[in-house]
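A look at the structure
This is what each chain is made of:
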Amino acid sequence: MRLLGRACLLAAYCARPVRANDGEDVRTLAKMSLAEKIGQMTQIDISLVMTDKEIDMDKLRIWLGGKRVGSILNSPYSGRDCDADGPTGLSAGEWRKVVHAVQKEAQRLGLPPVLFGLDSVHGASYVRGATLFGQQIALAATFDRELVRQVGEVTARDSIAAGVPWLFSPILDLATQPAFPRVYESFGEDPFVVSELGVAMITGIQAETGDAQLPRAAACMKHFFGYAHPANGHDRSPVYVPEAALRDYYLRPFAAAVRAGVASVMNSYNELNGVPIVASRKWLRTVLREELGFEGLLVTDWGEINNLYSFHHAALSEEAAVLLAINRTSIDMSMVPLDEGFIRHLTGLVRAGAVPLARIDESVGRVLALKRRLGLLQAPVLSEESSLIALVGTDAQLALDSARASVTLLANRGRELTALPKPKSCAPVQPQTGASEGHDVANFAQAEVPDAAECRSRCAITPRCKTWLYQGAWLTTQPNWPICFLKDGEATLRSGPDEAGNSAGTCEPTDRAPPLLPLEPATLARARVLLTGPTANSLVYQSGGWSVRWQGACRDSDFEAGGETLKGALRRLLPSETTLVHTAGCTIHAPSHSTATCDIDASDMNATLAAALASDVAVVALGEENYTEKPGDIDDLSLHTGQLELVRRIALHAPDLPIILVLISGRPRLLRGLPQLPSVLAVVHAYVPGPHGGTAIAEVLLGLTNPSGRLPLTYPALPGVLGTHYQTFAARCSGSAGGDLSGGASDCPVEY
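What you are looking at is a predicted structure, and each value in this text was computed from that prediction instead of being measured.

1. Considering the sheet that holds strand β4 (residues 71–73)
Two strands in a sheet stick together by hydrogen bonds in their backbones, pointing the same way (parallel) or opposite ways (antiparallel). Spatial strand order, β13-β10-β9-β8-β6-β4-β1-β14: eight strands in an open sheet with parallel pairing. The open sheet is flanked by β13 (297–299) and β14 (334–335), the only strands paired with a single partner. Sheet topology places strand β9 (residues 218–224) next to strand β10 (residues 264–267); four bridges connect them, and they run parallel. Opposite methionine 221, over in β10, you have valine 265 as the bridge partner.

See below:
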C-alpha cells in the first residue's frame, strides 16, 4: 500500500518527479543494445579516464567505446596526497572542457550523454574557487529554511557552471550517534528539522539555474537508510533500530524529500537489522518505491554492490553480489567505481536468464528520464562557455551570513563578586508585596529576630537586595531560619511558602559580575587578549571534510575563494590599542583519527602560561581535525587529551583569568569538566562553519553579531549516556541516594 502519494500541494516545494515512461525515452531504450543499457547503469570514477587534469582519450575510448559507461563521478584531485605539488582541483572552466570532451566522444559513439556527479555537500567543493559554506550541521544551527535554500541554489549554480548537474546532496541521516564520523554532514538529530532543512536544500538545488543547456540540477538525498546510528559509532557498521523508530523518526526526512520532488537517492553502506541495505527488497523497493512513491534514480554508494561479497559477506562471489542487488532491489546505477566487474557480471546474468531484461529496462528508463530532465538529451554536447562561470566564488557574503547565523552561545556568565558562607533561609517577595502581622513596611528592616544581623549582612552586600525581616508563623516551625525579604525578588527559591503566603528561598546574593560576553571593543583598549588552541588559526579545521579533497583541504592556501581564521578576524577587529597574543597551545597530530592527539610543545606551553598571567582574557579555540567517512572513526568521544590539558593548565596557572572556549568541531566531543572550571565563563559553539567562520566567531565575541544559533543536536556530558536526546523522555538516570531510584530519577546529564 502506498502511504504517501505523488501529489504535492505546496507548489513552492514541488518539482516534477522523474518518470521513466516518457515516449521518447521508451523509443531510445528500444534501440539500445544490452551493452549500452548496462553501461547506462554503470558509474565510474573520473580517475579512470584522466591523467592529471586532462582527459586521456585512449582511456576514455576504452570506457565509453568498449564499456559504454553512462556516468562519471568525483574530482581527479579528491584523493590527492597533501605532499603533492600543483593545483588542488579543476576550475569551472576546466571542468567544462573535461565534460565537453567526454560528451563529444559519447556523441561520436552514438551514446547518450554521460551524467557527471559530485559530492557538493557544503558548496561546490570540488570546483576550484567556488564559495564554500558551513557544513550541514552548522546550517542546521541557523534553523533558517530560506538561508539553506539559498545555499543550495548557489551550490547548484556553481556546479552547473562546471558542467556538473548531479549533486550528491543533501544528507538526510539523523545524527543520533554522536561519535559517528559523519555527524557534521547532517542537519542534526530532530526528524522535523532535518525534513524542513532537507526540503529547503533540495528546493534550492533543483531550482532553475539560468544555464541554457543545463537548466536545472538534480539533488540526491542520502544515505538511505538507517545509516548514522551504529552502536559502536563507526562508519559502515551494523545498525539495529526497531521498526517503529525507523518509521517514526528516520524515515520522515526521506518521505518529505520525496514529496518535494527530489530527483535521486543514494543507498547507504550499512546493514540494517541484519540485512545489508544494498540487498534489501524491503527498503529499496517496497518502502522506497511502493510506499513513498519515489520514481527517481537510485544509485549505490561507492562500491557497495561488490561490498556484498567483500565487506558484508552476504554473497559467495562478486557475480552473486550483483545478482542479489539487482534482483532484490530497484537499484538503477552502480557506483562501481574502479573496475568493470559489474558490467561483466550483469551482462552474463542477463544472457543466462538470471536477471530479466525487463529489470534492466526498468532502471535504464529511469537513468534516461533523469538525463532528459537535466537537459542532457536535448543538448548532448556541453558548451565550453557559460555565463555562470563568472559567478563562481562570488557568494562570500552569503557564506558569512550563514556562519553568523549558526554560531551558538552555550554559556555566558560572570564571576561571583564575593564568596559567601552557605546561607540559612530568606524569602524573596515582589516589590508590591506587603508585610503581614501588622508590621509597617517603613520599620520592617528594624525588626529584631534571631540571626537578623546575619541575614541583613548577607543581603546588604548586594546593592539590589533590600532586607525586610518578618517575625511570624514561619519562625514557629523553623526557629533557626530567619526570613529575608528581597525587594527585587531575585533570590533562588529553595523552600515552600510560609503561612502568610510568602515564598521562602535562600538568601544568596543576586549580583554577579556582568556576563563575560560580549567583549566590548571599547573596553578592550590597552587590554591584552590571549588566543590559543589548535583551531584558532586554521581555515582547514574551520571547513572540515569534503573541502577541496575528500578528507578535507591540506593547507589554508587551498581555499582560493578566500576566508578568514579566528586569529585573522580578531587581529582585524580588535582596537589598535589592544594586544593580541597568539600561541599554538597544542598541535593536532592525526596519523589516524582513532589515535589523534593534540601534542603540547614545552616551550610553547611556557609561552602560553606566561601570556595567560599577563592577559585580561583568554580565548581558547578547541576542536577536531578534518575527516569524513571510515577514516574519521574514533574509539573515544573525549576531546584530545592535549586540548583538555591546555585549558586546565591555563585555569590553574592563571586562576583569575576569564576564559572563553570556542568549539570548532564536527562532533560533540566530550569536554570532561572544562565548562565547570571556575574561570571558564563562556562557551561558544561554531560547529564546522566554513572558511568564513573565523569572521563570524570574532564578531560574536566582540558583540558585532548577536549569536542566534541553536543546538541541532544534544551535546553529551558523559560517555555512558551518549544515546540521550531531547525527545527520549523515558531515559532516566538514578538519583543520588545509593545509586538507585530511591533518590528519585531525573533526566540523564547532558552538557548542553
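2. What about the nonpolar core?
Within the largest apolar cluster, 141 residues are counted, with the highest numbers of intra-cluster contacts made by Phe224, Phe225 and Leu346. Ignoring sequence-local partners within four residues, the contact set of phenylalanine 225 consists of Leu246, Tyr250, Leu251, Phe254, Ser268, Asn270, Leu272, Ile277 and Trp283. If you look at the next biggest cluster of nonpolar residues, it comprises 32 residues, including Leu517, Leu566, Ala569 and Leu701.

3. Regarding helix α6 (residues 145–161)
The end-to-end C-alpha distance of α6, which contains 17 residues, comes to 24 Å, matching closely the 24 Å that a straight helix rising 1.5 Å per residue would cover. Taken residue by residue, α6 has Leu147, Val148, Val151, Gly152, Val154, Thr155, Ala156, Arg157, Asp158, Ser159, Ile160 and Ala161 as its buried positions. Taken together, the buried residues of α6 touch α4 (92–108), β7 (127–128), α5 (136–142), β8 (166–167), α7 (191–205) and α15 (396–406). One side-chain oxygen at the N-terminal end of α6 lies 3.1 Å from the backbone nitrogen of glutamate 146; it belongs to aspartate 144. Remark: glycine 163 follows α6 within two positions and exhibits a positive phi of approximately 80 degrees.

4. Thoughts on the state of the cysteines
Per the stated rule, a full pass over the model turns up two disulfides. There is a disulfide in this structure between cysteine 82 and cysteine 554, and the S-S distance comes to 2.0 Å. Classification of the bridge connecting cysteine 82 and cysteine 554 rests on its S-S torsion, roughly -85 degrees, and on that basis the disulfide is left-handed. Here cysteine 82 is found in the loop between β4 and β5 (90–91), whereas its partner cysteine 554 is found in the loop between α19 (539–543) and α20 (566–573), with 472 residues between them in sequence. Put simply, cysteine 586 and cysteine 598 are joined by a disulfide, and their sulfur atoms are 2.1 Å apart. Of note, the bridge from cysteine 586 to cysteine 598 carries an S-S torsion of about 85 degrees and is right-handed in sense. Taken together, the residues cysteine 586 in the loop between β22 (579–582) and β23 (587–589) and cysteine 598 in strand β24 (residues 597–599) connect sequence positions 12 residues apart. Classification of cysteine 586 as buried rests on a relative accessible area of 2%. Since its relative accessible area comes to 4%, cysteine 598 is described here as buried.

5. Details of the packing of helix α12 (residues 318–328) against helix α13 (residues 341–351)
Packed helix pairs are characterised by how far apart their axes lie and by the angle those axes make with each other. Here α12 crosses α13 at 70 degrees, and the two axes come no closer than 9 Å. With respect to α13, the axis of α12 lies roughly perpendicular. Between α12 and α13 the crossing geometry is right-handed. Mapping the contact onto sequence places Glu318, Glu319, Val322, Leu323 and Ile326 in α12 and Phe342, His345, Leu346 and Leu349 in α13. For the contact of α12 with α13, the per-class residue count stands at six nonpolar, one polar and two charged.

6. Quick look at the pattern of salt bridges
Applying the stated criterion to the full structure yields 39 salt bridges. For the salt bridge of glutamate 36 with arginine 68, the shortest nitrogen-to-oxygen distance reads 3.1 Å. Of this pair, glutamate 36 sits in helix α2 (residues 34–40) while arginine 68 sits in the loop between α3 (57–66) and β4; the two residues are 32 residues apart in sequence, bridging distant segments of the chain. Note on arginine 68: relative accessible area 16%, which makes it buried. For arginine 359, the salt bridge goes to glutamate 362, with nearest N and O atoms at 4.0 Å. Of this pair, arginine 359 and glutamate 362 both sit in helix α14 (residues 357–373), separated by three residues, roughly a single helical turn. Given the relative accessible area of 6%, arginine 359 is considered buried. What makes glutamate 362 partly exposed here is its relative accessible area of 24%.

7. Topic: the pairing of strand β27 (residues 680–685)
Counted residue by residue, β27 has six buried out of six residues, so it is predominantly covered. Relative to β27, strand β15 (residues 408–412) is paired through four bridges, and the arrangement is antiparallel. Of the residues in β27, the one forming a bridge with threonine 408 is histidine 685.

8. Quick look at the packing of α3 against α4
Packing of α3 against α4 leaves a shortest axis separation of 11 Å and a crossing angle of 50 degrees. Regarding the angle of α3 to α4, the classification is oblique. The interaxial crossing formed by α3 with α4 has right-handed handedness. Here Met57, Leu60, Arg61 and Leu64 of α3 come into contact with α4, specifically with Ala101, Val102, Glu105, Ala106 and Arg108. Looking at the contact of α3 with α4 residue by residue, the classes come out as six nonpolar, no polar and three charged.

9. Thoughts on the pairing of strand β21 (residues 528–532)
For β21, the tally of buried residues reaches four of five residues, placing the bulk of the element in the interior. Bridging between β21 and β22 involves four bridges; their strand directions are parallel. In the sheet register, leucine 530 faces β22, and the bridge partner there is valine 581. Looking at chain direction, β21 and strand β25 (residues 617–623) are connected through four bridges and run parallel. Note on β25: the bridge partner recorded for valine 529 is valine 617.

10. Regarding empty space enclosed by the protein
Inspection of the entire model under this criterion finds seven cavities of 30 Å³ or more. Considered as a void within the structure, the largest cavity measures approximately 160 Å³ in volume. As for the largest cavity, its lining consists of 20 residues, of which Val127, Gly129, Ala130, Val548 and Asp558 are closest to the centre. What the second largest cavity holds in volume is close to 80 Å³. In this structure, the second largest cavity is lined by Tyr184, Tyr541, Gly544, Gly545, Glu624, Glu625, Asn626, Tyr627, Ile664, Ser665, Gly666 and Val688. In terms of residue class, the lining of the second largest cavity is built from five nonpolar, five polar and two charged.

11. Describing α15
Those residues of α15 that fall on the buried side of the exposure criterion are Leu398, Ala399, Leu400, Ser402, Ala403, Ala405 and Ser406. Where the residues of α15 are buried, they touch α5, α6, β15, β27 and α23 (693–701).

12. Examining the environment of methionine 221
Tracing the backbone through its elements, the reader meets methionine 221 in strand β9. A sequence separation of 41 residues divides methionine 221 from valine 262, and the C-alpha atoms of the two residues are 7.1 Å apart. Setting aside its immediate chain neighbours within four residues, methionine 221 contacts Ser169, Pro170, Leu172, Phe254, Ala257, Val258, Val262, Ser264, Val265, Met266 and Leu288.

13. Some details on the packing of aromatic side chains
Summed over the entire model, instances satisfying the criterion amount to nine aromatic pairs. Aromatic pair phenylalanine 180 and tyrosine 227: ring centres 5.1 Å apart, planes at 90 degrees, arrangement edge-to-face. Taken together, the positions of phenylalanine 180 in the loop between β8 and α7 and tyrosine 227 in the loop between β9 and α8 (243–250) put the pair 47 residues apart, joining distant regions of the chain. Like tyrosine 227, phenylalanine 180 is buried. Ring geometry for phenylalanine 224 against phenylalanine 225: centres 5.0 Å apart, planes inclined by 35 degrees, an arrangement best described as tilted. Of the two residues, phenylalanine 224 and phenylalanine 225, neither departs from the other in class, the shared state being buried. Among the aromatic residues, those joined into a cluster by ring pairs are Phe224, Phe225, Phe254 and Trp283. The ring of tyrosine 627 has arginine 667 sitting right over it, with the charged end atom 4.2 Å from the ring centre. Stacked on the ring of phenylalanine 143, the Lys or Arg arginine 710 has its end atom at 4.4 Å from the ring centre.

Each value, and the rule that gives it
Residues numbered from 1 in each chain as written. Predicted model: local features only at pLDDT ≥ 70, side-chain atom pairs only at ≥ 80, totals over all residues. Heavy atoms only, no water. Pairing = 2+ DSSP bridges. Helix = DSSP H or I, 4+ residues; strand = E, 2+ residues; numbered from the N terminus. Core = buried A, V, L, I, M, F, W, Y, C linked by side-chain atoms within 4.5 Å. Buried < 20%, exposed > 50% of the residue type's maximum accessible area, 1.4 Å probe, protein only. Contact = heavy atoms within 4.5 Å. Expected span 1.5 Å × (residues − 1). Polar contact = N/O pair within 3.5 Å; in protein donor to acceptor, adjacent residues only side chain to side chain. Disulfide = S-S within 2.5 Å. Axes fitted to C-alpha atoms, helices over the stretch in contact; angles between N-to-C directions. Parallel < 35°, antiparallel > 145°, perpendicular 65-115°, else oblique. Left-handed = near helix turned anticlockwise from the far one by under 90°. Nonpolar A, V, L, I, M, F, W, Y, C, P; charged D, E, K, R; others polar. Salt bridge = Lys/Arg side-chain N within 4 Å of Asp/Glu carboxyl O. 1 Å grid on protein atoms, 1.4 Å probe; cavity = no way out; pocket = protein on both sides within 12 Å on 5 of 7 lines; lining within 4 Å. Points joined across faces, edges and corners; volume = space filled by probe spheres on them. Phe/Tyr/Trp six-rings, centres within 6.5 Å; stacked < 30°, edge-to-face > 60°. Lys NZ or Arg CZ within 6 Å of the ring centre and 35° of its normal.

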